Amino acid sequence: MGSSVKCSAAKFSLGPLLFLIFVNDLPHWIRNSMILMFVDDTKLTCKILDENDGSLLQQDLDRLLEWTKYWHLDFSVDKMQGHASWT
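Conventions we followed
- Residues numbered from 1 in each chain as written.
- Predicted model: local features only at pLDDT ≥ 70, side-chain atom pairs only at ≥ 80, totals over all residues.
- Heavy atoms only, no water.
- 1 Å grid on protein atoms, 1.4 Å probe; cavity = no way out; pocket = protein on both sides within 12 Å on 5 of 7 lines; lining within 4 Å.
- Points joined across faces, edges and corners; volume = space filled by probe spheres on them.
- Helix = DSSP H or I, 4+ residues; strand = E, 2+ residues; numbered from the N terminus.
- Nonpolar A, V, L, I, M, F, W, Y, C, P; charged D, E, K, R; others polar.
- Pairing = 2+ DSSP bridges.
- Salt bridge = Lys/Arg side-chain N within 4 Å of Asp/Glu carboxyl O.
- Buried < 20%, exposed > 50% of the residue type's maximum accessible area, 1.4 Å probe, protein only.
- Core = buried A, V, L, I, M, F, W, Y, C linked by side-chain atoms within 4.5 Å.
- Contact = heavy atoms within 4.5 Å.
- Phe/Tyr/Trp six-rings, centres within 6.5 Å; stacked < 30°, edge-to-face > 60°.

Colleague: Could you clarify how one ought to interpret the layout of surface pockets in this entry?
Modeller: Any empty space left between atoms is shown by rolling a water-sized probe over those atoms. Considered as a void within the structure, the largest pocket measures approximately 1500 Å³ in volume. In terms of lining residues, the largest pocket is bounded by 35 residues, among which Thr42, Lys43, Leu44, Gln81 and Gly82 are the most central. Of all the elements in the fold, those that place two or more residues in the lining of the largest pocket are α1 (15-23), β2 (41-45) and α3 (51-71). Top contributing element to the lining of the largest pocket by residue count: α3, with 8 residues. Its residues assigned to classes, the lining of the largest pocket comprises 18 nonpolar, 9 polar and 8 charged.

If you want it as structure tokens, here you go:
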């Protein structure tokens, strides 16, 4: 009599792992702002006291766009928002 061997393969998705690999280098692209990342959320924050600070933020936003083109990724434009606070 023959014996049977049951085997199974774990279901595994590369999606989350690849995502982590992609976003791992994002902070290296941002030079002037603080970057906050959690799961698939990314926030840039900086204090803008004058026009030069605004230009530095724009440079980081431009680098963020370059990063998305480099990795062939898209941002969810519907979820984007700006926030300003005065102290």
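Colleague: Any chance you could explain the pairing of strand β1 (residues 34-38) here in plain terms?
Modeller: On any regular strand, side chains alternate: one points to one face of the sheet, the next to the other face. Pairing of β1 with β2, which is carried by 5 bridges, proceeds in the antiparallel orientation. Note on β2: the bridge partner recorded for Met34 is Thr45. Linking two consecutive strands that pair antiparallel, namely β1 and β2, is a turn of 2 residues; a positive phi of about 50° is found at Val39 within it.

Colleague: Please clarify how the pattern of salt bridges should be interpreted in this entry.
Modeller: Here the idea is simple: oppositely charged side chains can pair when their charged atoms come close. Tallying each qualifying case throughout the model produces 1 salt bridge. In this structure, the salt-bridge partner of Asp60 is Arg63, at a minimum N-O distance of 2.8 Å. On the criterion of helical spacing, the pair formed by Asp60 and Arg63 is a turn pair, its members being 3 residues apart in helix α3. With a relative accessible area of 0%, Asp60 lands in the buried category. Take Arg63: its relative accessible area is 14%, and that puts it in the buried class.

Colleague: So what exactly am I meant to see when it comes to the nonpolar core here?
Modeller: Soluble globular proteins tend to pack their nonpolar side chains together in the buried interior. One finds Val23, Leu26, Trp29, Ile30, Ile35, Leu64 and Trp67 forming the largest nonpolar core, which totals 7 residues. Residue assignment for this core shows that the elements contributing at least two residues are α2 (26-29) and α3. When residues no more than four places from it in sequence are discounted, the contact partners of Leu64 are Leu26, Ile30, Leu44 and Phe75.

Colleague: I keep staring at the side chain of Asp53 and nothing clicks. Help me out?
Modeller: Mapped onto the fold, Asp53 is located in helix α3. In this structure, Asp53 is in contact with Lys47 and Ile48, ignoring residues within four places of it in sequence.

Colleague: Just to check I follow, could you spell out unusual backbone geometry for this structure?
Modeller: Even without being glycine, His72 reaches a positive phi, approximately 60°. Along the chain, His72 turns up in the segment after α3.

Colleague: For this particular structure, what's the right way to read the packing of aromatic side chains?
Modeller: Each pair of aromatic rings is reported with the distance of its centres and the angle of its planes. By the definition in use, this model includes 2 aromatic pairs. Taking 5.2 Å as the distance between ring centres and 90° as the angle between the ring planes, the aromatic pair formed by Tyr70 and Trp71 counts as edge-to-face. Three or more aromatic residues joined by ring pairs form one cluster here, namely Trp29, Tyr70 and Trp71.

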